[in-house]
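Architecture at a glance
One letter stands for each residue in the lines below.
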Amino acid sequence: MQHVFKISNRGRLAEVLILTCIIIGLLWQVGQLARWVPFHDWDEAIYAQVAKEFVRAPQGALTYNGALWFEKPPLPTLLYAIAWVLPLQPELVARMISVIISAIALLALYHIMKHLKMHTAIVLLVLMMTVLSAMYRDRSVLINVDIMLTAGWLVYLLGRMKEHAMLKTLGLLVGVWSKSFLGFFPLIADVGVSMITGKVKKRKAVEWIGMTAVALSWHMYMVVRYGMPFIQSHFLDHLVARVVRPIELHFGDKWFYLDKLWSELHVFGILAVLGMGIWAVHGARSYLKKESLPRQTSHLLTLALVPLAYLALLTVSKSKLHWYTTPLIPFVAFWGGIFIQKTHELIPPKYKKIIDTVAIFAVVISLLLFVQSSRILDLKTYISSEKIQMGQCVSANSDKSDRLAYVLSPLERQDIATVEAAQLQIGSSFIYGSAPAFLYYADIPVQFVYRIENLPAFIDQATILVFDIDDAESPFIQDVAQTTEPSFASSAFCRTTHKVAYRLR
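Quick caveat: nothing in here was measured; it's all calculated off a predicted structure.

**Quick word on the packing of helix α7 (residues 146-162) against helix α15 (residues 295-316)**
Two elements in contact, α7 and α15, have axes separated by 10 Å at closest approach and are oriented at 160°. Relative to α15, the element α7 lies roughly antiparallel. Note that α7 runs across α15; the crossing there is right-handed. Counted together, Trp153, Leu157, Arg160 and Met161 of α7 and Ser298, His299, Thr302, Leu303, Val306 and Tyr310 of α15 form the full contact between these two elements.

**Some remarks on α7**
When the terminal C-alpha atoms of α7 are compared, their 25 Å separation across 17 residues agrees well with the 24 Å that a helix rising 1.5 Å per residue should span. Extensive coverage of α7 is indicated by the burial of 16 of its 17 residues. Count one or two residues on from α7 and you reach Glu163, which has phi positive near 55°.

**What to know about the nonpolar core**
Counting 121 residues, the largest nonpolar core has Leu303, Phe334, Trp335, Val394 and Phe438 as its most contacted members. Sorting elements by how many residues they give to this core places helix α4 (residues 90-115) first, with 12 residues. Sequence-distant contacts of Val394, defined by excluding residues within four places in its chain, comprise Leu404, Phe438, Ala442, Ile444, Ile464, Val466, Phe493, Cys494 and Ala501. Core analysis: the next-biggest nonpolar cluster, separate from the first, contains 17 residues, Tyr156, Val176, Ala215 and Tyr226 among them.

**A word on the sheet that holds strand β7 (residues 499-503)**
Judged by pairing direction, the sheet is mixed, and its five strands sit side by side in the order β4-β3-β5-β7-β6 without closing on themselves. Edge positions in the open sheet fall to β4 (446-449) and β6 (492-495), since each of these has one partner strand only. Each neighbouring strand pair of the sheet contributes to a mean axis angle of 20°, computed without reference to strand direction. One ladder, built from three bridges, connects strand β3 (residues 404-407) with strand β5 (residues 464-468); its direction is parallel. Bridging from a neighbouring strand, Leu404 pairs with Ile464 of β5.

**With respect to the pattern of salt bridges**
Applying the stated criterion across every chain, the model contains 18 salt bridges. The partner of Arg160 in a salt bridge is Asp190, and the shortest N-O contact between them spans 2.8 Å. In this pair, Arg160 sits in helix α7 while Asp190 sits in helix α9 (residues 185-196), placing the two residues 30 residues apart along the sequence. Since its relative accessible area comes to 10%, Arg160 is described here as buried. Between Asp443 and Lys400 there is a salt bridge, with its nearest N and O atoms 2.7 Å apart. Of this pair, Asp443 sits in the loop between α20 (436-442) and β4 while Lys400 sits in the loop between α18 (386-396) and β3, and the two are 43 residues apart along the sequence. Via salt bridges that share partners, Arg160, Lys168, Asp190, Arg203 and Glu207 belong to a single interconnected network.

Calculation notes
Residues numbered from 1 in each chain as written. Predicted model: local features only at pLDDT ≥ 70, side-chain atom pairs only at ≥ 80, totals over all residues. Heavy atoms only, no water. Axes fitted to C-alpha atoms, helices over the stretch in contact; angles between N-to-C directions. Helix = DSSP H or I, 4+ residues; strand = E, 2+ residues; numbered from the N terminus. Parallel < 35°, antiparallel > 145°, perpendicular 65-115°, else oblique. Left-handed = near helix turned anticlockwise from the far one by under 90°. Contact = heavy atoms within 4.5 Å. Expected span 1.5 Å × (residues − 1). Buried < 20%, exposed > 50% of the residue type's maximum accessible area, 1.4 Å probe, protein only. Core = buried A, V, L, I, M, F, W, Y, C linked by side-chain atoms within 4.5 Å. Pairing = 2+ DSSP bridges. Salt bridge = Lys/Arg side-chain N within 4 Å of Asp/Glu carboxyl O.

Here you go:
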């Protein structure tokens, strides 16, 4: 008797339809976001600004607000820069690029599961659990690098299964050129599993070395070209420091990321743990009987080591940022699917139909939830932040010759003082002024004033001054008002609830 889990033409049609539905749903969300929601703080506006500056002045190094920017490798900028080349709305094109990358990740996950001969209903359920995660969907429709890391990992792992060197190189390049050394996790797992199984051959070693050289080519160029400033910013500040210190007050306990994964996938997280447990027992028995690992067990070991090693690194890291869980979500969904698959294989035949029915029902419900959540997305009442409103107003009332001094609000200055007092800053902590979206939309050079007593040092170069209304009575603001001819005391050309912009000359 053929179970509904068996691959059939109807099964393949269902897979194609659901994948198509997922991609259309994500594109619909991007269309709504682009229509109503500008690029927002933090990462979206930062990557958008870097990409815009690269298009205007292409060069070997990236810049932010006119200064060298070493935080991330160049792939996100190169891809998102397309949004400022095409004659379309950047907020639409840039976010569509994230959807395309997410679709590549989902397709890689799909083919990994098909290669492992997982049943159709389970494959579909894993895909739906992935896209029903709020974090995964958020990263799929906004500018970010986490979705690129996810795609890079999954493409590499698919290439490993298919023994396809070009696919592995592409996956490694995407991962490393988007999120630096974190992109090496699949390669490290690949090497480790190959050593465990005793399948390290000269050809494979040469392949690993070649892939590593290609992936590190940008890093090597930057070290030679910029030396210690690049090493300090890219490696020490944005890799090492985030592991050993809670940079910029990004605190969290040791269960921080497990809590986040639970909030994203709930009971499927428990199924993932059970799935790894069942597989580990099965793999151990196979190894003891045959004194070697079957090929499928080797693949599954690699698929386990990557997320486990990454989760271990996140757990010991002092800095906690919830979106770092994005690459883990497809793996948790996958291992939940493995549990269902193994359960289906182990139970008596008379009970298999129950799991068949429950799995199909879960797929249908998940699909309906996904469609419903996409359809009811209503952003018509969305109100941009004051910083974005101020940036857009400044842009409409300035030209490229203007230079702007932006005084951080009293609360933001207090936060900065706290970070400095705790010595939790890095080199880039004070380049964004807590307002990257303002900089992007103002579209002119901005000097951020972190201490209001330093304002006089910026005034000679500035033609526009933006500050918080709470600072209006500050003696430093009053001094500027009195020395400006004519006085700007009553001539604000942009005003929001809490901020004002004055022209100095």
